[in-house]
Amino acid sequence: MTDIRTLLRKNIANLKPYSSARHEFTGEASVFLDANENPYNHPYNRYPDPLQMRLKKAIADLKQVDESQIFLGNGSDEPIDLLFRAFCEPGVDNVVSIDPTYGMYQVAADINDIAVRRVLLTEHFGLDVKGILNAIDEHTKLLFICSPNNPSGNCFDESELVEIIKHFKGIVVLDEAYIDFAPGKSLLSQLTNFDNLVILQTFSKAWGMAGIRLGMAFASKNIVEVLNTVKYPYNLNMLTQQAGLELVEKEADKVAWVKQILQERERLSGRLKSLDFVEKVYPSDANFVLVKVRNPKGIYSFLVGKGIIVRDRSSVALCQGCLRITIGTKDENNQLLAELEKYEKNEIK
Ligand SMILES: *Cc1c(COP(=O)(O)O)cnc(C)c1O
């Protein structure tokens, strides 16, 4: 087991966090004259719950974890940045990540002046477990793995993930933003086995709530306490907490949306494969497909001209020639297919 405190930056280990009025008194009362709030304009005049206890209770029930294992943030981006700020000494420490993967790990690392050691996936986007373990040194504090991975779309083997978690003394950050679209299960059930595991999930994808900015980090109580110490006191506003609570009640909507998206993913993948200029449609466990085409820049611009925006990933490692296409509604996907068929006809002429 890893002793989390030994991984912390010294200034964070010694930090005395800001203590807000809502922190110092949490019991029942009717007259609040402690926080210099305006007495008018109920309910928005009051500061929100700094630790989002009601929302955490609902999420704990939903995910079958303990409330003490949950950190909520302004999207997943917040816990990603907080992990750097708490554990990585600028200019000294480093992190390891796979390549290609989600761009935010690199950006958060750059902002915090932390080197990223990228370990290339194998040709078919598999994990190079040996390469990852070899990239680690005594200054490696965090290891980022995204599964299902963005932009490749595939999940990694649970046994390989566990092997990595077992062999690394720092913190493994497993980003499960797309887990609801995957056939395999989340590693949440492994949380109690590993003190050094952080699992990121989000309401931005399957739950259809990117606009409210609500991300989840699940981890040991010790890591959650560290994140709570470093975060802004009121990191989640009242509207987001409220929307989150209403959302958790509507899991059936999420399930229905995921089902439709998966159906469309299969249909769209099949249709894309039949296009002459499509060289490969990679299998996906997420709500997007990575598609290798003959002329990625040309197709990207052609689609932009038709008002359809996809993501050009052709300059990303192992993604030469690739576009990443998010699964839309049936109608949106049909519009895309109709334009691509026009492109195909013109290309052949
Ligand atoms: C979209 C995405 C997220 C979600 O980020 P939020 O800040 O929660 O919106 C996280 N990780 C990956 C890999 C993503 O693609």
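Throughout what follows, the structure given in this document is the object of discussion. (Residues numbered from 1 in each chain as written. Predicted model: local features only at pLDDT ≥ 70, side-chain atom pairs only at ≥ 80, totals over all residues. Heavy atoms only, no water.)

1. Here's the deal with the site of the ligand
Okay, step 1: The full set close to the ligand counts 13 residues, and Tyr178, Thr202, Ser204, Lys205 and Arg213 are the nearest of them.
Okay, step 2: At a separation of 2.6 Å, an oxygen atom of the ligand approaches a polar side-chain atom of Tyr178.
Okay, step 3: Between an oxygen atom of the ligand and a side-chain N or O atom of Arg213, the distance comes to 2.6 Å.
Okay, step 4: Isolated, the ligand exposes 390 Å² of accessible area, and the fraction of that covered by the protein chains is 93%.
Okay, step 5: The residue inventory of the shell around the ligand, partitioned by class, reads four nonpolar, five polar and four charged. (Near = heavy atom within 4 Å. Polar contact = N/O pair within 3.5 Å; in protein donor to acceptor, adjacent residues only side chain to side chain. Areas by Shrake-Rupley, 256 points an atom, 1.4 Å probe, with all protein chains shown as cover. Nonpolar A, V, L, I, M, F, W, Y, C, P; charged D, E, K, R; others polar.)

2. Here's the deal with helix 9 (residues 221-230)
Okay, step 1: Along helix 9, the residues classified as buried are Ile223, Val224, Val226, Leu227 and Val230. What you see down the axis of helix 9 is that its buried residues fit within an arc of 155°, all on one side. (Buried < 20%, exposed > 50% of the residue type's maximum accessible area, 1.4 Å probe, protein only. Helix = DSSP H or I, 4+ residues; strand = E, 2+ residues; numbered from the N terminus. Arc of directions from axis to C-beta.)

3. Side note on the packing of helix 5 (residues 77-87) against helix 6 (residues 104-111)
Okay, step 1: At a closest axis distance of 9 Å, the pairing of helix 5 and helix 6 adopts a crossing angle of 40°. Comparing the axis directions of helix 5 and helix 6 gives the class oblique. Our pair here, helix 5 against helix 6, has a crossing hand that is right-handed. Only Met104, Tyr105, Ala108 and Ala109 of helix 6 make contact with helix 5, whose side of the interface consists of Asp77, Ile80 and Phe84.
Okay, step 2: Looking at the contact of helix 5 with helix 6 residue by residue, the classes come out as six nonpolar, no polar and one charged. (Axes fitted to C-alpha atoms, helices over the stretch in contact; angles between N-to-C directions. Parallel < 35°, antiparallel > 145°, perpendicular 65-115°, else oblique. Left-handed = near helix turned anticlockwise from the far one by under 90°. Contact = heavy atoms within 4.5 Å.)

4. Focus: the sheet that holds strand 6 (residues 197-202)
Okay, step 1: The seven strands lie next to each other as 1-7-6-5-4-2-3, forming an open sheet whose pairing is mixed. Either end of the sheet is taken by a strand with one partner, and the two such strands are strand 1 (70-73) and strand 3 (115-120). The average angle at which neighbouring strand axes cross in this sheet is 20°, direction not considered.
Okay, step 2: Sheet topology note: the strand 4 (residues 140-146)/strand 5 (residues 171-175) ladder contains five bridges and is parallel. When the bridges of strand 5 are listed, Leu143 appears paired with Val172.
Okay, step 3: Running at roughly 155° to strand 3, helix 6 makes contact with strand 3, strand 4 and strand 5 of the sheet. (Pairing = 2+ DSSP bridges.)

5. Focus on the packing of aromatic side chains
Okay, step 1: Inspection of every chain in the model, using the stated rule, returns ten aromatic pairs.
Okay, step 2: Ring geometry for Tyr102 versus Tyr105: centroids 5.5 Å apart, planes at 80°, classification edge-to-face.
Okay, step 3: For Tyr102, a relative accessible area of 26% gives the class partly exposed.
Okay, step 4: Here the aromatic residues Phe84, Tyr102, Tyr105 and Phe144 are joined through ring pairs into a cluster of three or more.
Okay, step 5: The ring of Phe288 has Arg324 sitting right over it, with the charged end atom 5.5 Å from the ring centre. (Phe/Tyr/Trp six-rings, centres within 6.5 Å; stacked < 30°, edge-to-face > 60°. Lys NZ or Arg CZ within 6 Å of the ring centre and 35° of its normal.)

6. Concerning the environment of Ser147
Okay, step 1: Looking at the secondary structure, you find Ser147 in the loop between strand 4 and helix 8 (158-167).
Okay, step 2: Ser147 gets classed as buried once you look at its relative accessible area, which sits at 5%.
Okay, step 3: Sequence-wise, Ser147 and Tyr178 are 31 residues apart; in three dimensions their C-alpha atoms are separated by 7.4 Å.
Okay, step 4: From its side chain, Ser147 meets the backbone nitrogen of Phe156 in a polar contact 3.0 Å long.

Any link to function would need more than the numbers given here.
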